[in-house]
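One-letter residues, chain by chain:
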Amino acid sequence: MLNSARVKSSFMPTLIAAMALSASAAFLVTPPAIAQLPAQLQNNPNVAALNPVQPVENDGKIEVLEFFAYGCPHCAALEPKIETWAKKLPADVKLKRVPASNPIRGIDSAPLFYTLEAMGLQEKLRQKLFDAANVENVILGNPATLNTWLEKQGVDLKQYAEVQKSFSIQNKIARAKKMSIDYMISSVPMIVVNGRYAAQVPGGSSGQDQLFANVDQLITGARAANKTVAASAKK
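Treat the numbers as computed from the prediction; the structure is a model and nothing was measured. (Residues numbered from 1 in each chain as written. Predicted model: local features only at pLDDT ≥ 70, side-chain atom pairs only at ≥ 80, totals over all residues. Heavy atoms only, no water.)

Here we look at the confidence of the model for the protein
The predicted model of the protein averages 86 in pLDDT, with 83% of residues at 70 or higher. Considering only residues more than four positions removed or in separate chains, one finds that residues 16-32, a stretch of pLDDT under 50, has 28 contacts. (pLDDT = per-residue confidence, 0-100. Contact = heavy atoms within 4.5 Å.)

Some thoughts on the packing of helix α3 (residues 109-118) against helix α4 (residues 122-134)
Packing of α3 against α4 leaves a shortest axis separation of 8 Å and a crossing angle of 145°. Listed contacts from α4 to Leu112, Phe113, Leu116 and Glu117 of α3 are Gln122, Leu125 and Leu129. Residue classes in the contact of α3 with α4 are distributed as five nonpolar, one polar and one charged. (Axes fitted to C-alpha atoms, helices over the stretch in contact; angles between N-to-C directions. Helix = DSSP H or I, 4+ residues; strand = E, 2+ residues; numbered from the N terminus. Nonpolar A, V, L, I, M, F, W, Y, C, P; charged D, E, K, R; others polar.)

A closer look at the nonpolar core
Grouped together as the largest cluster of nonpolar side chains are 42 residues, with contacts concentrated most on Phe67, Leu112, Leu116 and Val188. Counting only elements with at least two residues in this core, the list comes to β2 (62-68), α2 (73-86), α3, α4, α5 (143-152), α6 (157-165), α7 (167-182) and β4 (190-193). (Core = buried A, V, L, I, M, F, W, Y, C linked by side-chain atoms within 4.5 Å. Buried < 20%, exposed > 50% of the residue type's maximum accessible area, 1.4 Å probe, protein only.)

Describing the sheet that holds strand β1 (residues 47-49)
One open sheet accounts for five strands, arranged β1-β5-β4-β2-β3; its pairing is mixed. Where the open sheet ends on each side, the last strands, each with one partner, are β1 and β3 (93-99). If you compare each strand with its neighbour and ignore which way they point, the axes differ by 20° on average. In the sheet, β1 pairs with strand β5 (residues 197-199) via three bridges, with the strands oriented antiparallel. (Pairing = 2+ DSSP bridges.)

Considerations on the pattern of salt bridges
Tallied over the full model, the rule gives 13 salt bridges. Residue Glu79 pairs with Arg97 through a salt bridge whose shortest N-O separation is 3.3 Å. Placement of Glu79 in helix α2 and of Arg97 in strand β3 is noted, with a sequence separation of 18 residues between them. Each member of the pair, Glu79 as well as Arg97, carries the same accessibility label: buried. The salt bridge involving Asp92 is made with Arg223; its shortest N-O contact spans 2.7 Å. Of the two residues, Asp92 sits in the loop between α2 and β3 while Arg223 sits in helix α8 (residues 207-234), which places them 131 residues apart along the sequence. For Asp92, a relative accessible area of 25% corresponds to the partly exposed category. (Salt bridge = Lys/Arg side-chain N within 4 Å of Asp/Glu carboxyl O.)

Quick word on the packing of aromatic side chains
What the rule picks out here adds up to seven aromatic pairs. Here the aromatic residues Phe68, Tyr70, Phe113, Tyr114 and Phe130 are joined through ring pairs into a cluster of three or more. (Phe/Tyr/Trp six-rings, centres within 6.5 Å; stacked < 30°, edge-to-face > 60°.)

Examining α3
Within α3, eight of the 10 residues are buried, which leaves the element mostly enclosed by the surrounding structure. Along α3, the residues that are buried comprise Ser109, Ala110, Pro111, Leu112, Phe113, Tyr114, Thr115 and Leu116. In this structure, the buried side of α3 is in contact with β2, β3, α4, α5, α6 and α7. Trailing α3 by a residue or two, Gly120 shows a phi angle of about 75°, which is positive.

Right, here's the structure in full:
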């Protein structure tokens, strides 16, 4: 069950064990790759190696996923910093947001996210949605209240409903739910690097800064792992 609280350090060993039990064979490379944390992070309770490694797009880039929910106050607090951090990412790294599969504060993030994305409104309204849910306490989990709020933002409600019912959006919603299961996401925010590593926000006043320091090191580790895999494939 998803919740908006920060993940306890005891969750990470559980995540490692659960990954091995829950991964879908249809999406695994054969034989499955085994991930190991970079040496400097091996005793860090806020990161974990995911085994087996989860599939990523084969486009030569390191994939960073942020699992989030609009109703999650910690996700809302992280949003400005992740925006700033994302603007400085190297050319070989891409950030993708994945809405959590279970509602938080009654808000089902996946239909909302993918519908607005298809309408070209997701980036424009993302921060406003976080603020409405977590600062202004708008009950966006109520369909009528959500529709009223969207209409105030200039969203065409008829188009919104039609887009949300489309096959492509329903497919993306289903895929996001499957990813939450495959990655065993039980709390948000959670950041996953290249299907190999998961990172949570550490506690304390510097937790967000430490999260991004950890993720930067995981990206370096993923880049090295990619080179090792590529070199092995050439042999």
